[in-house]
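Topology and contacts: notes
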Amino acid sequence: QLCASQDFDFFYFVQQWPGSYCDTQQSCCYPTTGKPDPDFGIHGLWPNNNDGSYPSNCDSSNPFQQSQVSDLISTMQKEWPTLACPSGNGIQFWSHEWDKHGTCSESTLNQHDYFAAALNLKQKADLLQALTSAGINPDGGSYSLSSIKSAISGSIGSTPFIECNSDSSGNSQLYQVYLCVDTNASGFIDCPVFPHSKCGSNIEFPSF
Ligand code: 5GP
Ligand code: 5GP
Ligand code: 5GP
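Residues numbered from 1 in each chain as written. Chains lettered and ligands numbered in written order. Predicted model: local features only at pLDDT ≥ 70, side-chain atom pairs only at ≥ 80, totals over all residues.

For the chain, the name recorded in an unreviewed UniProt entry is Ribonuclease pancreatic beta-type, with Stylosanthes scabra as its organism. Under Sequence similarities (unreviewed entry), UniProt gives the following word-for-word description of the chain: "Belongs to the RNase T2 family." (UniProt positions renumbered as here; feature names shortened; annotations may be inferred.)

Looking at helix H6 (residues 145–156)
Over its 12 residues, H6 extends 17 Å from the first C-alpha to the last, a length consistent with the 16 Å expected when each residue adds 1.5 Å. What H6 keeps buried is the set Ile148, Ala151 and Ile152. Buried residues along H6 cover an arc of 90° about the axis, so they all sit on one side. The exposed residues of H6 that point more than 90 degrees off its buried face are Ser146 and Gly154. Tucked into the core, H6 has its buried residues touching helix H5 (127–132), strand E3 (141–144), strand E4 (161–166) and strand E5 (172–181). Just past H6, the residue glycine 157 takes up positive phi, approximately 95°. (Helix = DSSP H or I, 4+ residues; strand = E, 2+ residues; numbered from the N terminus. Expected span 1.5 Å × (residues − 1). Buried ≥ 20, exposed ≤ 12 C-beta atoms within 10 Å, placed from the backbone. Arc of directions from axis to C-beta. Contact = placed C-beta atoms within 7 Å.)

Focus on the site of ligand 3
Near ligand 3 you find Tyr21, Thr24, Gln26, Ser27, Cys28, Cys29, Ala84 and Cys85, and these make up its full shell. Taken together, the residues that form the shell around ligand 3 break down as five nonpolar, three polar and no charged. (Near = placed C-beta within 6 Å. Nonpolar A, V, L, I, M, F, W, Y, C, P; charged D, E, K, R; others polar.)

So, unusual backbone geometry
Cis peptide bonds are those with omega within 30 degrees of zero, and the linkage from cysteine 85 to proline 86 qualifies with -5°. The topology assignment puts proline 86 in the loop between helix H2 (73–79) and helix H3 (91–100). Positioned with a positive phi, serine 27 is a non-glycine residue whose angle comes to about 65°. Notably, alanine 185 is not glycine yet its phi reads approximately 60°, a positive angle. Position of alanine 185 among the secondary structure elements: in the loop between E5 and strand E6 (188–189).

Rendered as structure tokens:
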């Protein structure tokens, strides 16, 4: 059997802090299933290239189908909640993520396995646990970016990329955490390349 050609080099596994999505000027809407737990939620699992570029929308002939992930929906509602307005049940968000990103890793993961892999990675990377056990709590306090990165590296074993956004008063805050993952989505690796950062050296960790 010939090896399928690899159309990407690694994944970014991206988790979002709901407090930082919701306290922006734009605000947010809780999903129709209710307010999510105060925990990081999955944003996506994004195929990426070592040079920083990334493929998107790779196969319009294979759109998201709820029937392929029916066994995962209840876990996705908990671990991958949508916070965009208007309120939704998640299907739109997951469809967007599959269509834009998931279709670009079809060579290694089918639709069911793509979502199952993301849920599995979330279990392996408990960011809130990593942070709180280092004394970094979602209490609206300000923490050094370096302490946040060390807490996560120490717990997960690879260095994360931290993305910040601004709350409604303009303070820089912890918004998303990127971890790099091998092409089979089986585990974390050192990042071949990092996105560009715009965090201050001290950032807020808002409550949710
Ligand atoms: P933003 O412009 O808000 O940073 O990103 C918008 C969207 O572009 C993200 O939700 C994601 O779909 C995609 N994106 C942004 N940066 C990256 C990246 O470095 N790698 C990949 N694979 N996608 C990205
Ligand atoms: P990206 O293109 O950056 O992978 O995904 C962002 C898209 O998903 C946006 O169109 C956004 O409106 C939608 N979306 C739905 N729910 C969420 C959410 O909870 N967080 C983020 N970041 N985007 C969401
Ligand atoms: P998209 O066009 O991908 O839906 O969203 C564009 C940008 O606006 C993304 O950075 C996304 O995270 C953000 N966004 C979209 N909808 C919402 C929303 O309802 N609330 C917040 N806070 N951000 C949103």
